Amino acid sequence: MVIAIDLPKICKMLPLKTYNLRKTMYKFKIVLCSLAFSLFMAGCAEKNNALTIGDASISDELAFKLNPETWALLSSIDRKTGKRIGGDCSGFITVLNDRNDNIYFDSSELMEHMSGGGKSAGIYRLYAANNAISTENPRPGDLIFFYNTTSRTKNSKKKHITHIGVVRDVYKDGRVGFIHNTRGRNQLDYMNLKKNNTHRAGTKIENSYIVSCARGDSSCLSANRFAGFGKIAWKL
């Protein structure tokens, strides 16, 4: 039997953190989210806003290694996907951060790295300073950074960090599904570093266009503008 668990729906029913009991309520929520998933998961079918496990997405082995904080974060990400929340890419990450107990950064610490180039670049520098930037082994909840994605920078020979998103799914074929805010809306897109010049293989998107370019310009695919993963593990 296959059971589809709508983790966001389960977690949405749980109490959100409050200012008076912020730490206690947050920990209560993430533990219950994790417990709910562990008790009922016998395998999950693909469904919008439901965690997908197995051949299509993250393996069972990786799923059980995710900690409670990450389960709560994924629930938060799913509830905001498809919506106009955050305003822009770094604003979306800031919303996730604020509603998940500063899971990505502390504002005061981030300010030390805001030396120009926008908030996405500042977050990248913060993670780089903590040896938390990697180009391999992404996990759900990790940040994902891109360079030269704006009209001003897309033809630049120097790499400028200009865009940020969050890893949602890691596929066995090398694809990574990530959520990012583009044109004001949070949406799912894909990247596959193993097929960096391929946009689509049959009906499957290997790499989404991350920059507005002429049709067929592979330099504008996500894999070819990829700058690194921000490993969330250093904060947990």
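Residues numbered from 1 in each chain as written. Predicted model: local features only at pLDDT ≥ 70, side-chain atom pairs only at ≥ 80, totals over all residues. Heavy atoms only, no water.

## A look at the sheet that holds strand β1 (residues 133–134)
This is how the line gets drawn: In short, DSSP must find at least two bridges between two strands for them to pair. A run of H or I in DSSP counts as a helix once it spans at least four residues, and a run of E counts as a strand once it spans at least two, with each numbered from the N terminus. Any two residues whose heavy atoms approach within 4.5 Å are treated as being in contact. All axes are obtained by fitting lines to C-alpha atoms, using only the stretch in contact for helices, and the reported angles, taken between N-to-C directions, cover 0 to 180 degrees.
If you walk across this open sheet you meet the 6 strands as β1-β8-β2-β3-β4-β5, and the pairing is antiparallel. Taken across any chain shown, the strands that pair with only one partner, and hence form the sheet edges, are β1 and β5 (185–192). Bridge count between strand β2 (residues 143–147) and strand β3 (residues 161–170): 5 bridges; the pairing is antiparallel. Within the sheet, the bridge partner assigned to Y147 lies in β3 and is I161. The strands that helix α5 (residues 89–98) touches are β2, β3, β4 (175–182) and β5; relative to β3, the one it contacts most, it runs at about 50°. Against the sheet, helix α7 (residues 119–129) makes contact with β1, β2, β3 and β8 (226–230), and its axis sits at roughly 65° relative to β3, the strand it touches most.

## Here we look at the packing of helix α4 (residues 68–80) against α5
The condition that has to hold: An angle counts as roughly parallel when it lies under 35 degrees, as roughly antiparallel when it exceeds 145, as roughly perpendicular when it falls between 65 and 115, and as oblique in every other case. Crossings are sorted by hand: turned counterclockwise from the far helix by less than a right angle, the near helix makes the crossing left-handed, and turned clockwise it makes it right-handed.
The contact between α4 and α5 brings their axes to 10 Å, and the two run at 135°. Between α4 and α5, the angle falls in the class oblique. Relative to α5, α4 is oriented so that their crossing is right-handed. Contacts between α4 and α5 involve L73, S76, I77 and K80 on the former and, on the latter, F92, V95 and L96.

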